[in-house]
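Descriptive analysis of the structure
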Amino acid sequence: MEAENRENTREENSVTENPVDINSDKEGPAETKSGKIYLVGAGPGDPSLITLRGKAVLEKAEVVVYDYLANKKLLKHVPKDAEFIYAGKKGHVKHTHTQEEINQMLIDHALAGRTVVRLKGGDPFIFGRGGEEIEELVKADIPFEVVPGVTAATAAATYAGIPITHRKYTASVTFLTGHEDPDKPTSNVAWDKIATGAGTLVFYMGIKNLDHIVEKLIDNGRDPKTPVAVVRWASTPRQRTVVGPLEKISSYVKKARIKPPAIVLVGDVVRLRKKINWYENRSLFGKRILITRTRDQASELVAQLEELGADCREWATIAIKPPESWDELDRELKHLKQYKWVLFTSTNGVKFFFSRLFELGMDSRAFKTSRIGAVGTATADELIKFGIKADLLPKKFTGEALAKKLAAKGVKGDKILIPRAVAGGEALPETLSKAGAQVTIVPVYRNMRPKEGEKSLRMEFEKKNIDIVTFTSSSTVTNFLHMIGIEDPDELKKLLDGVTIASIGPITTKTAEQSGLKVHIQPKAHTIPALVESIEAYVIQEGSEAAE
Ligand code: SAH
């Protein structure tokens, strides 16, 4: 605590000594004080593996220049009004910016007086060109600091259950780049020396040249039976590891379609993985679990699932906004009396309808002569909040079910009002019109579509990217169905084929089942920890059945 206080005081002092005008323009006056550049190691993948110093520096950044390998989740530490610049560097061809452009960019921002963070995967000084970037800063006389990070070599070894050194196996470890052009006449790697003279060998960027690496090592005397581990996306839920003897590893890697980024670990320590493989052996490792987010509930669930190794995908509810104009609703509200039925298909429909009704100085008595229909208990419960009990609530939570039920009562010539989203399912109005009703749809809210380029939730299921879906309340079910945008139960069943559904308790399960979803997991106690335990038990059971 004391040390922290001292640090704060020191930083405050340095601010007063060295005032930085954050409003200063890039082309500002020459006397503008230069900013500072922090070259920060982001760690290997897991965003919690950044150092405390790295996080503190991100928190005060005004400009962040980040790489492909730096986990984007780290950007949440950066103030929202900062400038975010993606520097690219996927593989070695598709650089978004050249190294020279990046160097210049850093210098320009620093000269404009800004606090700049250059965020790099792993450790910035291990095969990260950090040295080159800093040399340029020295040349331009710009103040800088370097924050180290957990490098991919140690992360890959640790998370694959391999101690990179071990008294019984090796006394040395060597980090190498596997990115050398095999056709180059002379090599920077002393193959004759490292093949037998060094213990554990760790190759960065070695996937493309793996054949060449293997050949060089064996030609120079390394035992072809030496165990090798290749670890992709170490320390993330996407981690995959392939193990085999040196002479066969290249074909194993090709067969398993392991692509960069991956680390190649060569040496007898790889044998220890059998005993120590703790990360990939966690019960939910690699399971892709969808969590539809409502309020704060999700973070506790996500944290507990991730602890067990799950790959959690949080999906925020689509933004809901009022319609562009209230004219249509206002017009119909004036002669609400003429409507025999008013049908609500979602909680949002109810909320927005009533907020406008109240704004116009009316209240629930406006419904004196109309009857009310609702799709789903969540919608009916929302109506209760406004003092309205639904007259009609079909067992199945679909617009079509409501339409059929109503049509069976006979609606010929009846006026029916449906306040709902601007775009909505057509089954309800069409079925009612066919039955002879005069249907009026009024928009009371808008579902804002995900931004261009964002993947749709439905596509995630089409591509079989989700193993488990969790529901922690009825409204998470309704939100989910909203986002999927499918009303037809058969179509929904087809889309979710093979997906396991976990519900927190009987009420949520009922909502899910009434919407045509099959629930596989429901804990006895209706709490988040119990839900997580049940998911774990289910997955373990499923695994043992598959192994039989
Ligand atoms: N400065 C980085 C290395 C950059 S070179 C560091 O210290 O880790 C890029 C190479 O690092 C990749 O080709 C791959 O070999 C390795 N790498 C980076 N992140 C990795 C990860 N999460 N899993 C496996 N290899 C990784």
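Calculation notes
All residue numbers refer to positions counted from 1 along the written sequence of the respective chain. The predicted nature of this model means local features are confined to residues of pLDDT at least 70 and side-chain atom pairs, given and counted, to a pLDDT of 80 or more, with totals for whole chains, interfaces and linings taken over all residues. Calculation of side-chain values draws on the structure's entire complement of heavy atoms; hydrogens and water are dropped beforehand. Only runs of H or I of at least four residues qualify as helices and only runs of E of at least two qualify as strands under DSSP, and these elements are numbered from the N terminus. Remark: exposure states derive from per-residue accessible area (1.4 Å probe, protein chains only) relative to the maximum for the residue type, with buried under 20%, exposed over 50%, and partly exposed in between. By definition, residues are in contact when any of their heavy atoms lie within 4.5 Å. All accessibility values rest on the Shrake-Rupley procedure with a 1.4 Å probe; residue burial counts only the protein chains present in the view. Classification of ring pairs rests on two measures: the distance between centres of Phe, Tyr or Trp rings, Trp counted by its six-membered ring, which must be within 6.5 Å, and the angle between planes, read as stacked under 30 degrees, edge-to-face over 60 and tilted in between. Distance and angle both matter: a charge sits over a ring if NZ of Lys or CZ of Arg is within 6 Å of the ring centre and within 35 degrees of the ring normal. Within this analysis, patches are made of residues with over 30% relative accessible area and no salt bridge. Like charges are joined at 9 Å or less; nonpolar side chains (Val, Leu, Ile, Met, Phe, Trp, Tyr) at 5 Å or less. Note on definitions: salt bridges are taken to be side-chain nitrogens of Lys or Arg within 4 Å of carboxyl oxygens of Asp or Glu. Think of it this way: Lys and Arg go in the positive column, Asp and Glu in the negative one, and His and the chain ends go nowhere. A charged residue contributes its charge at one atom only: NZ of Lys, CZ of Arg, CG of Asp or CD of Glu. Criterion used throughout: strands pair if DSSP finds at least two bridges between them. Whether a residue is near a molecule or strand is decided by its heavy atoms; if any one of them lies within 4 Å of it, the residue is near. Between N or O atoms, a polar contact is any pair within 3.5 Å; within protein, one atom must be a potential hydrogen donor and the other a potential acceptor, and residues adjacent in sequence are included only when both atoms are from side chains. For this scheme, ten residues count as nonpolar: Ala, Val, Leu, Ile, Met, Phe, Trp, Tyr, Cys and Pro. Four count as charged, namely Asp, Glu, Lys and Arg, and the remainder, Gly too, count as polar. To obtain an axis, a line is fitted to C-alpha atoms, over the contacting stretch when the element is a helix, and the angle between two such axes runs from 0 to 180 degrees between their N-to-C directions. Each angle receives one of four descriptions, namely roughly parallel if under 35 degrees, roughly antiparallel if over 145, roughly perpendicular if within 65 to 115, and oblique otherwise. Working rule for handedness: look at the near helix, and if it is turned counterclockwise from the far one by less than a right angle, call the crossing left-handed; if clockwise, right-handed. Nine residue types can take part in a nonpolar core, namely buried Ala, Val, Leu, Ile, Met, Phe, Trp, Tyr and Cys, and a core is a set of them joined through side-chain atoms within 4.5 Å.

In this section: the overall build of the protein. When you go through the protein residue by residue, the secondary structure sums to 20 helices and 20 strands. Each of the 548 residues in the protein was classed as buried or not, and the buried ones make up 46%. Put simply, 68% of the contacts in the protein that link residues at least 6 apart link residues at least 24 apart. Taken as a whole, the protein presents about 28,600 Å² of accessible surface, with 51% of it coming from carbon and sulfur.

If you trace the backbone, valine 499 turns up in the loop between α18 (489-495) and β20 (500-503). You can call valine 499 buried: its relative accessible area is 7%. Counting along the chain gives 32 residues from valine 499 to aspartate 467, while the straight-line C-alpha distance between them is 5.1 Å. Apart from the residues within four sequence positions on either side, valine 499 is in contact with Phe461, Ile466, Asp467, Ile468, Val469 and His520.

Time to look at the packing of aromatic side chains. Applying the stated criterion across every chain yields a total of 21 aromatic pairs. An angle of 45° between the planes, with centres 5.5 Å apart, marks the rings of tyrosine 66 and tyrosine 86 as tilted. Of this pair, tyrosine 66 sits in strand β2 (residues 63-67) while tyrosine 86 sits in strand β3 (residues 83-90); the two residues are 20 residues apart in sequence, bridging distant segments of the chain. Looking at lysine 415, its charged tip hangs above the ring of tyrosine 339, at a distance of 5.0 Å from the centre.

Glancing now at a negative patch on the surface. A surface patch of like charges, here negative, comprises Glu487, Asp488, Asp490 and Glu491. Tracing the backbone shows glutamate 491 in helix α18.

Side-chain direction in a regular strand flips from residue to residue, so the side chains alternate between the two faces of the sheet. Residue alternation in strand β19 (residues 468-471) divides its side chains into two sets, Ile468 and Thr470 and Val469 and Phe471, and both sets are buried. Sheet topology places β19 next to β20; four bridges connect them, and they run parallel. Residue threonine 470 lies in a different strand from β20, and its bridge partner there is alanine 502.

All right, on to the site of the ligand then. Not every one of the 17 residues close to the ligand is listed here, only the nearest: Asp123, Ile126, Thr151, Ala234 and Ala262. Between the ligand and isoleucine 126 there is a distance of 2.7 Å, counted from a nitrogen atom to a backbone nitrogen or oxygen. Bound to the protein, the ligand loses 93% of the 540 Å² it would expose on its own. Broken down by class, the residue content of the shell around the ligand amounts to 13 nonpolar, three polar and one charged.

Another point: the packing of helix α11 (residues 327-334) against helix α12 (residues 347-359). Packing of α11 against α12 brings their axes to within 11 Å, and their N-to-C directions diverge by 65°. In terms of orientation, α11 lies roughly perpendicular with respect to α12. Every pair of crossing elements has a handedness; the one defined by α11 and α12 is right-handed. Across the interface between the two elements, Leu329, Asp330 and Leu333 from α11 touch Phe353, Arg356 and Leu357 from α12. Split into classes, the residues belonging to the contact of α11 with α12 amount to four nonpolar, no polar and two charged.

What follows deals with the nonpolar core. Ranked by internal contacts, the top residues of the largest apolar core, which has 25 residues, are Leu336, Val342, Phe344, Phe353, Phe354, Phe367 and Leu383. Of all elements in the fold, only α11, β15 (341-344), α12, β16 (371-374), α13 (377-385), β17 (415-421) and β18 (438-447) reach the threshold of two or more residues within this core. The leading source of residues in this core is α12, at five residues. Once you skip the residues sitting within four places of it in the chain, leucine 336 turns out to touch Val342, Ala366, Phe367, Ser370 and Leu417.

To continue, consider unusual backbone geometry. Generally, phi is negative for residues other than glycine and the peptide bonds are trans, each holding for most cases. A cis geometry characterises the amide bond from proline 260 onward to proline 261, with omega recorded as 0°. Along the chain, proline 261 falls in the loop between α8 (246-255) and β11 (262-266). A positive phi is found at serine 235, a non-glycine position, where the angle reads about 70°. Mapped onto the elements of the fold, serine 235 is located in the loop between β9 (227-232) and β10 (240-245). Among the residues examined, serine 235 registers a relative accessible area of 2% and is labelled buried. Even without being a glycine, arginine 257 presents a positive backbone phi close to 55°.

Below, the discussion takes up the sheet that holds β9. Here five strands make up an open sheet; going across it, the order is β7-β8-β11-β9-β10 and the pairing mixed. Pairing within the sheet leaves two strands with one partner each, and these edge strands are β7 (173-177) and β10. Ignoring which end each strand starts from, the neighbouring axes of this sheet average 20° apart. With five bridges connecting them, β7 and strand β8 (residues 200-204) associate as parallel partners. Counted as the bridge partner of leucine 176 is phenylalanine 203 from β8. Sheet contacts for helix α5 (residues 152-159): β7, β8, β9 and β11; angle to β11, the most-contacted strand, approximately 70°. Together, β9 and β10 form the strand contacts of α8, whose direction differs from that of β10 by roughly 145°.

Before going further, it helps to examine a nonpolar patch on the surface. A cluster of nonpolar side chains, contributed by Phe127, Val173, Phe175 and Met205, occupies part of the molecular surface with about 300 Å² of accessible area. Mapped onto the fold, phenylalanine 127 is located in the loop between β5 (115-120) and α4 (130-139). Phenylalanine 127 gets classed as partly exposed once you look at its relative accessible area, which sits at 39%.

One side chain can pair with another of opposite charge once the charged atoms of both are near each other. Within this structure, the stated rule accounts for 26 salt bridges. For arginine 271, the salt bridge goes to aspartate 268, with nearest N and O atoms at 3.2 Å. A relative accessible area of 35% means that aspartate 268 is categorised as partly exposed. Aspartate 363 is paired through a salt bridge with arginine 365; the nearest N and O atoms lie 2.7 Å apart. With a relative accessible area of 28%, aspartate 363 lands in the partly exposed category. Salt bridges sharing common partners tie together Asp67, Arg118, Lys120 and Glu133.

Take the sheet that holds β17 next. Read across the sheet, five strands follow the order β14-β18-β17-β15-β16 without closing on themselves; strand pairing throughout is mixed. Each edge of the open sheet carries a strand with a single partner, namely β14 (320-321) and β16. When β17 meets β18, the two strands line up parallel, connected through seven bridges. From the neighbouring strand, isoleucine 418 faces β18, where its bridge partner is isoleucine 441. Strands in contact with α11 are β17 and β18; relative to β18, the strand with the most contacts, it is inclined by about 140°.

Functional significance is not addressed by these values, which are geometric in nature.
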